[in-house]
4 protein chains.
Amino acid sequence: MSTVPTAETNIYTRRESQVRSYCRSFPVSFARAEGATLTDADGNAYIDFLAGCSSLNYGHNDPDMKAALLDHLQRDGIAHALDMHTEEKAAFLDAFEHHILRPRGMDHRVMMTGPTGTNAVEAAIKLARKVTGRRNVIAFTNGFHGMTLGALALTGNAGKRAGGGVSLPDVTHLPYENSLGEEVDTLDLIETMLSNPSSGIESPAAFVVELVQGEGGLNAASCEWVQGIARIAREQGALLIVDDIQAGMGRTGSFFSFDHMGVEPDMVTLAKSLSGFGLPFACVLVRPEHDIWKPAEHNGTFRGNTHAFVTAKVALEKFWADDTLRNQIALKSQVLEERLHNIAARIEGARIKGRGMMRGVDVGNGELAGQICAECFRRGLIIETSGAHDEVVKVLAPLTIPMEQFREGLDILEQAVETLVPFGMAAE
Amino acid sequence: MSTVPTAETNIYTRRESQVRSYCRSFPVSFARAEGATLTDADGNAYIDFLAGCSSLNYGHNDPDMKAALLDHLQRDGIAHALDMHTEEKAAFLDAFEHHILRPRGMDHRVMMTGPTGTNAVEAAIKLARKVTGRRNVIAFTNGFHGMTLGALALTGNAGKRAGGGVSLPDVTHLPYENSLGEEVDTLDLIETMLSNPSSGIESPAAFVVELVQGEGGLNAASCEWVQGIARIAREQGALLIVDDIQAGMGRTGSFFSFDHMGVEPDMVTLAKSLSGFGLPFACVLVRPEHDIWKPAEHNGTFRGNTHAFVTAKVALEKFWADDTLRNQIALKSQVLEERLHNIAARIEGARIKGRGMMRGVDVGNGELAGQICAECFRRGLIIETSGAHDEVVKVLAPLTIPMEQFREGLDILEQAVETLVPFGMAAE
Amino acid sequence: MSTVPTAETNIYTRRESQVRSYCRSFPVSFARAEGATLTDADGNAYIDFLAGCSSLNYGHNDPDMKAALLDHLQRDGIAHALDMHTEEKAAFLDAFEHHILRPRGMDHRVMMTGPTGTNAVEAAIKLARKVTGRRNVIAFTNGFHGMTLGALALTGNAGKRAGGGVSLPDVTHLPYENSLGEEVDTLDLIETMLSNPSSGIESPAAFVVELVQGEGGLNAASCEWVQGIARIAREQGALLIVDDIQAGMGRTGSFFSFDHMGVEPDMVTLAKSLSGFGLPFACVLVRPEHDIWKPAEHNGTFRGNTHAFVTAKVALEKFWADDTLRNQIALKSQVLEERLHNIAARIEGARIKGRGMMRGVDVGNGELAGQICAECFRRGLIIETSGAHDEVVKVLAPLTIPMEQFREGLDILEQAVETLVPFGMAAE
Amino acid sequence: MSTVPTAETNIYTRRESQVRSYCRSFPVSFARAEGATLTDADGNAYIDFLAGCSSLNYGHNDPDMKAALLDHLQRDGIAHALDMHTEEKAAFLDAFEHHILRPRGMDHRVMMTGPTGTNAVEAAIKLARKVTGRRNVIAFTNGFHGMTLGALALTGNAGKRAGGGVSLPDVTHLPYENSLGEEVDTLDLIETMLSNPSSGIESPAAFVVELVQGEGGLNAASCEWVQGIARIAREQGALLIVDDIQAGMGRTGSFFSFDHMGVEPDMVTLAKSLSGFGLPFACVLVRPEHDIWKPAEHNGTFRGNTHAFVTAKVALEKFWADDTLRNQIALKSQVLEERLHNIAARIEGARIKGRGMMRGVDVGNGELAGQICAECFRRGLIIETSGAHDEVVKVLAPLTIPMEQFREGLDILEQAVETLVPFGMAAE
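Nothing here was measured: the structure is a model prediction, and the numbers come from that model.

Calculation notes
Residues numbered from 1 in each chain as written. Chains lettered and ligands numbered in written order. Predicted model: local features only at pLDDT ≥ 70, side-chain atom pairs only at ≥ 80, totals over all residues. Heavy atoms only, no water. Helix = DSSP H or I, 4+ residues; strand = E, 2+ residues; numbered from the N terminus. Rg over C-alpha atoms; globule rule 2.2 N^0.38 Å. Buried < 20%, exposed > 50% of the residue type's maximum accessible area, 1.4 Å probe, protein only. Contact = heavy atoms within 4.5 Å. Areas by Shrake-Rupley, 256 points an atom, 1.4 Å probe, with all protein chains shown as cover. Least-squares fit on C-alpha atoms with pLDDT ≥ 70 in both. Buried area = accessible area lost by both parts, 1.4 Å probe. Salt bridge = Lys/Arg side-chain N within 4 Å of Asp/Glu carboxyl O. Polar contact = N/O pair within 3.5 Å; in protein donor to acceptor, adjacent residues only side chain to side chain. Nonpolar A, V, L, I, M, F, W, Y, C, P; charged D, E, K, R; others polar. Pairing = 2+ DSSP bridges. Axes fitted to C-alpha atoms, helices over the stretch in contact; angles between N-to-C directions. Domains from an automatic or database assignment. Expected span 1.5 Å × (residues − 1).

A few words on the overall build of chain A. A count of helical and extended segments in chain A gives 14 helices and 18 strands. Over its C-alpha trace chain A gives a radius of gyration of 21 Å, about what one expects of a compact globule, namely 22 Å for 428 residues. Seen through its principal axes, chain A has C-alpha atoms that stretch 60 × 55 × 45 Å. Counting across all 428 residues of chain A, residues that qualify as buried make up 69%. In chain A, the share of contacts with a sequence separation of at least 24, taken over all contacts with a separation of at least 6, comes to 74%. Accessible area for chain A stands at about 12,800 Å²; split by element, carbon and sulfur atoms hold 47% of it.

Encoded structure:
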């Protein structure tokens, strides 16, 4: 296995900020990537079970998106157009309407924000506050929504919050489903708190919720809970904002994590895999009655990344025009669940978390989870942890990973666990 | 001139949020772009004096950057790698060190943030608060720093601020040079206020300042003022953060707007033209002693856009390895200044603003400025306004625009003014 | 019964702010008062079951306090001395040490604040934030702590909070015992939330808690719950602040509401009955290790009301030197409980609330509770409601009320209920 | 001179919080007081040039107020009535209307708040925010308005602010007249900043201003400046709130500090000398069109201190029914000014500050000012400092001090200065 050569180490040590992180877990220099495979500068190949934290749901360098982007570049298509009209934007919107919105009967408008998830979240809560004239926003235990101050206020993680250096007001954090133990009915609790005019909790502008908490430990909300939150939001005169940045674009089985959940959010934030190709791109879907922005009231230089329009359109047409991908995800999800059950069975107290292709094993503590990921990397698999204590080994393979390669990656994971927990539960 | 066809109008009306803005001023659909020329779907060409609000300092689709990106794509170079090491990142850092930092004796570290200016600003103020243990940040009248809550608090514009829907605490806005009239010594004023322990202004963590205010009306700070602010910051134990997102990358004559100003900022925020190609990319330069981040304490999915590394490296090597571009900017700046003086002379009370290739004419009110820009567009020139009252017609041509085309654009601007102010000052 | 004469009505209508409130429920003009009896300008007497919202625990114009205050006035004792030393302050502190602190083994220091409860609460949370270096303070559902912005942030009532007109940050409201129904273990819930580093709830500087919630509906916390909160506070590195402004000075049976609860708060806020005579007076008791104030770091013109020192000293010596009052309270509390049970039994779903001489009946809704109080007033009894929906008829008789008069007041209450709920439960 | 006996020292050391302050400058125990004379436990007399920080404008224990209070007590008048009607409240309102409001054509309503200045300020800004629907409040350099969080946000002093431990948002501090030097036109500056929509300063709900800054160094605003602020407030749609807590009740020559200034504030906050006797009492005067409170929307246990109504009524009738006191103040103010000029002339760079009977000498630094006050105390005069650096020796004698005693006190001050600055200016 290649490690970063001295010279390159030097440039990072000399010139890159200490804030860098993933490169510390995977200390090699990557050279190219295709599908679910990353290759380092020495030619070593790695199976990618991280997929850009779910930004590469269709794998690296999908050939059709690549071809479209090459073509766009070769004919001097626009790279940057602020939010002016381009043929690429129109084509993206057409495809998004045709393949995503219209089949679901969604009449949402698309707001292009700065091309990061946190910018989309900031735009969404701004708009919810404008629509309702209220300040408070409800967020949930273990939620992660971004690092700019408005989104950071919604984020649960204490370390991230402390980085802000200031108070993070106008947000109330309430317990996510099962975060207080399975015996506590959090819907009841939330409803009781919000309906008591002396609870000290201001009437909310919005509820911002992930249906599977990507950073918070792959907690997957049940259909009943999500519907309950939607109902409480409605009763409170608050908007329901689904943050589908990590869980959307097929990750949990369908394009949106809330498909088949029986709810229609007032807003949806999308980013990560939205471009399909790993390019920066984010948007907010907004019900038309809430789209009360004045022109440029929220703006930004890179909203509407034209290269991302090009690839996103291909992604929509290639993967969401029929049920092929959905069926593949369903199949792989089943394989994943079975394999993770076996792996979890080796570790006392371990349990599997998540939904669809967004699953992992809670191994009980961050130390063991970190060791497992490190051992995987030594064996050629890139995989990371999640959760409040980094206690979940999280599988975020590309949805398009070939089944054989998927099993190969899961084999490595299982072997890593066997190595670190040699006798496992079976031996006891 | 082509207008947006009905079908396309429909997709925007049906599906794009009301927040869209530039497309309202320039209601055509753009198809391709090269250098300083944008071409719409009907084949009409426009000279681009907006340049993505200074995101396209090297013009559209620079052939060398394009070639490098095509090559990167064709060999399946990485598109998305979180903040892992890639050869492209190393090459970018090498080039940035070699062509930018080392020649200036700057030992700053590069922090890749989410690829928008506002994310870079958020990271910078977070870090300044962490370094100093203070909360308050000084920003200036007419400053613009972004739209996420932390950066929005620094932004002066009332309409943008109101969009936030909540209080924007922990920032004190102080007067920019000349913003109280030329007779008021704002340095004196700021120093007096900050040195009075009963001023009610908390000791600042940082001063965040643009040396030329891009959105605020092209106000250009003098060398003395900038040095004064640097001195006051130092005396107050606060960091000096130069927001060079719009004014950097050559716009004012040199790579940084603070080159030759006699100050060395503690941090610099860069975005817009940093990629060279109009791709989303942003970073913060941080003096090593302030680079006290814990790994991932500020993170984000798209920090370090690999495609942008590829093009940015070419931009650095092509344009900043010698003085060619600098000399061209100097020459064009002189042409620009002369022509704008002539134009300003036609409008009573008008005066020219800005520095280098970031210049404009304050025509006294937003209505006239808007009419001038609209008339320019009818004549094939894309140009926009700036300022608290949109009263400045702002020229942000690509730095690389051929001189002939530059003059052609300025001719259009002059003709537009002649049309709208037929008798001008000369007649009076 | 006298109503306010026209002339007097005029002065209030002409000159007193609309914010006035109790005078709307009891629209007569009071002329004098003694013990538990208020007399209006026409000579009508009223039994006082409101007692200045528990500010008159020893009744109106206690003869011994009156004598001491007359003597003080006649000999030109100090009325106002800022926080300089006076013999009266020393005598008060001596008495407070001797009769209150020393018998309990409390080594707390006495901080004189501005003479209102809200000022004491503001001082306490300031000090807790200073001691811990943290910002967040935990307050509880239905809590009431005052109306200045710092204390208002702790207060649960939505109407009061809305009056602030700004966000009320740096406070987290958590559920009080039983506020989520008896089946939810709020201690468990609070502990789980605070021990999850991704809960989004900042580490607290303090817990501020009333052991019986005077305004919030006479919810009385159990010994176990109070000890649990004390334990969680300790484990979190947070201070325990008992707000004993309404429940202290004997109201719940002993001087402090936390006596015999097995906890020793880090701070205690006192006001209301502290002076004994209804004079403005407030203080914070602070454990010596937390008394890290710099001189005048928190100050105020009227901290240490000398007249109040005079009467408070008498109150301490007269009522707290032995067990006489305590025994009387115990006896009357028992009478009160029995009578309220009978009254509650007449109203479907009604239940009694509170502890000691701080008890009432939750009659299910604010309309009925208001009607009962109005009917009582017509019958010569002054009594008010409490609770998030004003649904509790609250008995706050002077602790020193003669038993006969106490029973007379309770008779009136019972008759009022009989009048309004003629058939009651018994008839069904 | 008596010092505090050991036993008494013990009780303060043992039991009073470190926050105590004035007792440190004047370490004796006071026993009684009459007029402008304080007497300690050993019978030593002191002339009082502190007067409870202007809470004792009519001196200690005025015999008429004392008689009225004795009478009230003896006939069991109400001590505490919440905000119910009492004959004493009506009588106070009548007198206030008759002697203060009506002669000035003021139709303001009186809002009784918690009986401290900070509570009145909190109520005033709450109401201004409610009336305007805005959040931001303008306060001024060197202003002091109280120590609870809402009022503390208006206060300039860094040490006091730091004591809050949290951010103090929703207030903008702008320069008071001459605080930037006499050459800077602060009205111009304020108007320019507030009329620039990109200043970053939110549209204000109110301007809160002291016409003479009591704690901030006896800065006295000119008539023109006050009118200018009133005009700017009006133009901005903001309310003008005069904080007359220290400067009102005759201190600057007339009942209100703004009499004869040509402005009529929307609100006025009063406390300190309002009761006349040094008893806790505060109120807000509100123009009727702004008195939009809901009943109890801002409340408090001790609003409307009945004992204070009794004494305040006497004060109004005794001192404000004719021009006697006003004439005396004018005469003494002249004496004071002359004497302070002589004193200032002895100290290089010293200058006199303030207006009316609220005057002092800025001796250039806090050390010398402190020494002068300490020397005065040794000589039997109680006097304190003021200002951002405690650099002003501040004379706040009772307005009613006999002329002979006044001169005696000023003699002591002069002697103290002579002792400490033996050669003075004259010698140089």
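Overlay of chain B on chain A (RMSD 0.0 Å): rotation 180 degrees, translation along the axis 0.0 Å. The two molecules are tied by a two-fold rotation axis, judged by turn and shift. Rotation axis and chain B: the residue whose C-alpha lies nearest the axis is Leu149(B), separated from it by 2.7 Å. Most of the interface of chain B is mirrored in chain A: 100% of its interface residues are interface residues there too.

This next bit is on the relation of the copies chain D and chain B. Taken as rigid bodies, chain D and chain B are interconverted by a rotation of 180 degrees and an axial shift of 0.0 Å, the fit giving an RMSD of 0.0 Å. Of the interface residues in chain D, 100% have counterparts in chain B that sit at the interface too, so the contact is made through matching surfaces.

Moving on, we get to the interface of chain D and chain B. Between chain D and chain B, the residue contacts involve 29 residues of the former and 29 residues of the latter. Interface of chain D and chain B: buried area, both sides summed, is about 2,400 Å²; carbon and sulfur atoms make up 52% of it. On the chain D side of the interface with chain B, the three residues burying the most area are Leu180(D), Pro197(D) and Ser198(D), jointly 21% of the side's total. Residue Arg161(D) pairs with Glu202(B) through a salt bridge whose shortest N-O separation is 2.7 Å. At the boundary of chain D and chain B, one finds 18 residue pairs in polar contact (both at pLDDT 80 or more). The set of elements that each furnish at least two residues to the side of chain D that touches chain B consists of helix H8 (158-162) and helix H9 (186-195) of chain D. The element best represented in the side of chain D that touches chain B is H9(D), accounting for 3 residues. Considering only residue class, the side of chain D that touches chain B consists of 10 nonpolar, 15 polar and 4 charged.

This part covers the sheet that holds strand S15 (residues 358-362) of chain C. Residues and elements named next belong to chain C. In space, the 4 strands of this open sheet follow the order S14-S15-S18-S17, with antiparallel pairing throughout. Unpaired on one side and paired on the other, strand S14 (351-355) and strand S17 (384-386) mark the two borders of the sheet. Averaged over all neighbouring strand pairs, the angle between strand axes comes to 35 degrees, with direction disregarded. Looking at chain direction, S17 and strand S18 (residues 392-395) are connected through 3 bridges and run antiparallel. The partner of Thr385 across the bridge, within S18, is Val393. Each of S14, S15 and S18 touches helix H12 (residues 324-345); the most contacted strand, S15, lies at about 5 degrees to it.

Residues and elements named next belong to chain A. Domain boundaries in chain A define domain 1 (13-62 + 323-420) and domain 2 (77-321). Listed per partner, the contact involves 32 residues of domain 1 and 33 residues of domain 2. Both sides together, the interface formed by domain 1 and domain 2 hides about 2,700 Å², and carbon and sulfur atoms give 50% of it. Three residues stand out in domain 1 for area buried against domain 2, namely Tyr58, Arg355 and Met358, and they jointly supply 30% of the buried area on that side. Along the contact surface separating domain 1 from domain 2 lie 2 salt bridges. Among the salt bridges present, the one from Lys394 reaches Glu215, with a minimum N-O distance of 3.4 Å.

Our focus in this paragraph is helix H14 (residues 403-420) of chain D. All names here are of chain D. Taking 1.5 Å of rise per residue, the 18 residues of H14 would be expected to cover 26 Å, and the 26 Å separating its terminal C-alpha atoms lies within 8% of that figure. Of the positions making up H14, those classed as buried are Gln405, Phe406, Gly409, Leu410, Ile412, Leu413, Glu414, Ala416 and Val417. Buried residues in H14 make contact with strand S2 (37-40), strand S3 (45-48), helix H12 (324-345), helix H13 (366-378), strand S16 (381-382) and strand S18 (392-395).

Between chain B and chain A, the residue contacts involve 105 residues of the former and 105 residues of the latter. Summed over the three residues of chain B that lose the most area to chain A, namely Arg15(B), His85(B) and Phe302(B), the buried surface amounts to 9% of that side. Linking chain B with chain A are 8 salt bridges, by the criterion used here. Where chain B touches chain A, the interface holds 56 residue pairs in polar contact (both at pLDDT 80 or more). Sorting elements by how many residues they give to the side of chain B that touches chain A places helix H5 (residues 87-101) of chain B first, with 8 residues. In the side of chain B that touches chain A, the residues fall into 44 nonpolar, 30 polar and 31 charged. Judged from the 2 bridges that link them, strand S4 (residues 85-86) of chain A and strand S1 (residues 29-34) of chain B form a sheet pairing that is parallel. Bridge pairing in S1(B) links His85(A) to Ser29(B).

Backbone geometry places Asn61(A), a non-glycine residue, at a positive phi of 50 degrees. Among the secondary structure elements, Asn61(A) is positioned in the loop between helix H3 (51-54) and helix H4 (63-74). Asn61(A) gets classed as buried once you look at its relative accessible area, which sits at 3%. The phi dihedral of Ala51(D) falls on the positive side, at around 50 degrees, and the residue is not glycine. Looking at the secondary structure, you find Ala51(D) in helix H3 (residues 51-54). Look at Ala51(D) and you get buried, because its relative accessible area is 0%.

Let us look at the pairing of strand S12 (residues 267-270) of chain C. Residue and element names in this part refer to chain C. Both faces of S12 are covered, namely the face carrying Met267 and Thr269 and the face carrying Val268 and Leu270. Sheet topology places strand S11 (residues 239-243) next to S12; 3 bridges connect them, and they run parallel. Paired with Ile241 across the strands is Met267, a residue of S12. Here S12 pairs with strand S13 (residues 283-286) via 4 bridges, running antiparallel. Across the sheet, residue Val268 finds its bridge partner in S13, namely Leu285.

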